[in-house]
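So you can see what is in the structure, the chains are spelled out below.
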Amino acid sequence: MHHKTVLDNGVKVLSERLPHVRSVSLGIWIGVGSRDERPDESGISHFIEHMIFKGTRRRSSLDIARDLDAVGGLSNAFTGKENTCIHGRVLDRHFPQLVDILSDIFLQSVFDREEMSREKQVVLQEISMVEDTPEEYVHLLHGRHCWPDHPIGMSVLGSGASVASFDQDLLLDFYKRYYTPERTVIAAAGNIEHEDLLAAFRPLFERLPAGAGSGDEPTPAIHPGRSCYAKELEQVHVCLGGRAPELTSEDRLAGALLNTLLGGNMSSRLFQEIRERRGLAYAVYSFLSAYLDTGLLGVYLGTDPRWVNEALEVVRQETVRILEGDLSGPEMEMMREHLVGGILLGAESTDNRMMRLAKNEYVYNRYVSYDELIENLGKVRIEDVIRVARGCFRSGTVSLVTLGPLEEEDLDPEVIRFFG
């Protein structure tokens, strides 16, 4: 049973009771991410996520760590393009302690200057770690290439220069602008009564003053074309993609099926053709990144510099097959069942259920049941998948980025003509 209450100041409190479990997953969400940042603020949402664990008016960073460990549960936080979340999972009897800790760090963080100085070094190391991991770094480069004029294309971590420039005033200003009641969602799933959740959070969060709101942002448009970044590596890492349905689109489930067909599992076309039949790559997959007003369906692979053109030709051939309608009913049903299995297996996790509550509220402003999702997935037709594919992979609209020992002139012009 799910419940929703909107406090007088706009904070939304969501719950799903699961009486057969002994745990509760709790998340405090804020509708802000890296796409909300100005150039001088790049990475600040992620930095604030780090800093809220570094001390409050009542707790030092060590106190926070000890108090979380003392309840024997799990806690973490993450920042995305459009949301930030701090969350934890504990036994139901420890729920009051988790409420106290997460509320304290969300509402009472002090952003101490000394702690900021130390944490900058941690985040700078995190940035360096990504840049030293080419299979991750190529995705970051591809995002910048796709959306060069919009913050959604920038790294969630920010840059070394932007992070180094942060000061306490900038953090407090950003926190005041965006950590507001109307952007806040409290979600819990597990052995918890909704009234108990309200009793715990209403006194703490209903006192928050309403925010000023924000203006409409321009819809980010994907930039096609190609970029090659030379680097001394053993492999060339390739990332390419095109415009996919946004989260609010009726075609979003067709996009999920297309992703599964192309490279979403071990029986997918790219995995079978590139890895299993030809041995051109160890890692090859497709991915779907969907946001409120845009989306990206992409392909990643890492291969020997000698085999880049052959691998790209396989990607071209397999996408063209789909564009031309090469998709059977049995193949469609297998993809559908793969997604349904993932959905229902995920439903056994209280963390997944808590996250679904919050994400559906941000996107659709309502609860979306598993039955409704599976029913809508069953309505997707073969022609819907083909139509979405044609929107993603039209010749001249695809972005292509490579990272490794490869120059643009090494790419076969006949192969890359399809990719922008």
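Look up a bit, the structure's there.
Let me begin by describing the structure that accompanies this report. These numbers were taken from a predicted model, which means no experiment stands behind them.

## Here's the deal with the sheet that holds strand 9 (residues 284–290)
Strands pair in a sheet through their backbones, by hydrogen bonds, and they do so in one of two ways: parallel or antiparallel.
Working step 1: Strand order in the open sheet formed by five strands is 7-11-8-10-9, with mixed pairing between adjacent strands. What marks the edges here is a single partner per strand, and that holds for strand 7 (225–230) and strand 9. Averaged over all pairs of adjacent strands, the angle between their axes in this sheet comes to 15°, without regard to strand direction.
Working step 2: The strands touched by helix 9 (residues 252–263) within the sheet are strand 9 and strand 10 (295–303), with strand 9 carrying the most contacts at an inclination of about 165°.

## Here we look at unusual backbone geometry
Working step 1: Despite not being glycine, Phe111 has its phi angle at roughly 50°, a positive value.
Working step 2: Its location among the elements puts Phe111 in the loop between helix 3 (95–107) and helix 4 (113–131).
Working step 3: Even without being glycine, Asn365 reaches a positive phi, approximately 60°.
Working step 4: Position of Asn365 among the secondary structure elements: in the loop between helix 13 (350–364) and helix 14 (370–378).

## Focus on the packing of aromatic side chains
Working step 1: This model, assessed by the stated rule, comprises eleven aromatic pairs.
Working step 2: On the basis of an interplanar angle of 35° and a centroid distance of 5.1 Å, the ring pair of Tyr285 and Tyr300 is categorised as tilted. Of this pair, Tyr285 sits in strand 9 while Tyr300 sits in strand 10, and the two are 15 residues apart along the sequence.
Working step 3: The buried category is assigned to Tyr300, whose relative accessible area is 3%.
Working step 4: Among the aromatic residues, those joined into a cluster by ring pairs are Phe106, Phe111, Tyr175, Tyr179, Phe201 and Phe205.
Working step 5: The ring of Tyr370 carries the charged tip of Arg356 above its face, separated from the ring centre by 4.2 Å.

## Points about the state of the cysteines
Working step 1: Counting across every chain of the model gives zero disulfides.
Working step 2: The structure places no disulfide on Cys146, whose sulfur is separated from the nearest cysteine sulfur, that of Cys239, by 7.5 Å.
Working step 3: On the accessibility criterion, Cys146 (0% relative accessible area) is buried.

## Thoughts on the packing of helix 10 (residues 269–277) against helix 11 (residues 308–323)
Working step 1: Taken N-terminus to C-terminus, the directions of helix 10 and helix 11 make an angle of 150°; their axes are 10 Å apart at the nearest point. In terms of their interaxial angle, helix 10 and helix 11 are classed as roughly antiparallel. Crossing of helix 10 against helix 11: the hand is right-handed. Listed contacts from helix 11 to Arg269, Leu270, Glu273 and Ile274 of helix 10 are Ala311, Val314, Val315, Glu318, Arg321 and Ile322.
Working step 2: The residue makeup of the contact of helix 10 with helix 11, split by class, is six nonpolar, no polar and four charged.

## Examining the sheet that holds strand 3 (residues 23–30)
Working step 1: Taken in spatial order, the six strands make up an open sheet running 1-2-6-3-5-4, and their pairing is mixed. The open sheet has two edge strands with one neighbour each: strand 1 (2–6) and strand 4 (74–79). Going from strand to strand, the sheet's axes swing by 10° on average, the running direction of each strand aside.
Working step 2: Where strand 1 and strand 2 (residues 12–17) come together, five bridges link them in antiparallel fashion. By the bridge assignment, His3 is partnered in strand 2 with Ser15.

## Quick word on the pairing of strand 5 (residues 84–91)
Working step 1: With six of eight residues buried, strand 5 is to be regarded as a mostly interior element.
Working step 2: Note: strand 4 against strand 5, six bridges, orientation antiparallel. Residue pairing in the sheet places Thr79 in a bridge with Thr84 of strand 5.
Working step 3: Between strand 4 and strand 5, which follow one another and run antiparallel, lie four residues.

## Topic: the side chain of Thr303
Working step 1: Tracing the chain through its elements places Thr303 in strand 10.
Working step 2: Using a relative accessible area of 0% as the deciding quantity, one classes Thr303 as buried.
Working step 3: Only 2.5 Å separates the side chain of Thr303 from the backbone oxygen of Leu280, close enough to count as a polar contact.
Working step 4: Ignoring anything within four residues of it in the chain, the contact list for Thr303 reads Gln235, Val236, Leu280 and Val308.

## Some points on the packing of helix 12 (residues 329–346) against helix 14
Working step 1: Two elements in contact, helix 12 and helix 14, have axes separated by 11 Å at closest approach and are oriented at 170°. When the axes of helix 12 and helix 14 are compared, the pair comes out roughly antiparallel. When helix 12 is examined against helix 14, the residues Arg336, Leu339, Val340, Ile343 and Leu344 are found in contact with a partner set consisting of Tyr370, Leu373, Ile374, Leu377 and Gly378.
Working step 2: Grouping the amino acids of the contact of helix 12 with helix 14 by side-chain chemistry returns eight nonpolar, one polar and one charged.

Criteria and thresholds
- Residues numbered from 1 in each chain as written.
- Predicted model: local features only at pLDDT ≥ 70, side-chain atom pairs only at ≥ 80, totals over all residues.
- Heavy atoms only, no water.
- Pairing = 2+ DSSP bridges.
- Helix = DSSP H or I, 4+ residues; strand = E, 2+ residues; numbered from the N terminus.
- Axes fitted to C-alpha atoms, helices over the stretch in contact; angles between N-to-C directions.
- Contact = heavy atoms within 4.5 Å.
- Phe/Tyr/Trp six-rings, centres within 6.5 Å; stacked < 30°, edge-to-face > 60°.
- Buried < 20%, exposed > 50% of the residue type's maximum accessible area, 1.4 Å probe, protein only.
- Lys NZ or Arg CZ within 6 Å of the ring centre and 35° of its normal.
- Disulfide = S-S within 2.5 Å.
- Parallel < 35°, antiparallel > 145°, perpendicular 65-115°, else oblique.
- Left-handed = near helix turned anticlockwise from the far one by under 90°.
- Nonpolar A, V, L, I, M, F, W, Y, C, P; charged D, E, K, R; others polar.
- Polar contact = N/O pair within 3.5 Å; in protein donor to acceptor, adjacent residues only side chain to side chain.

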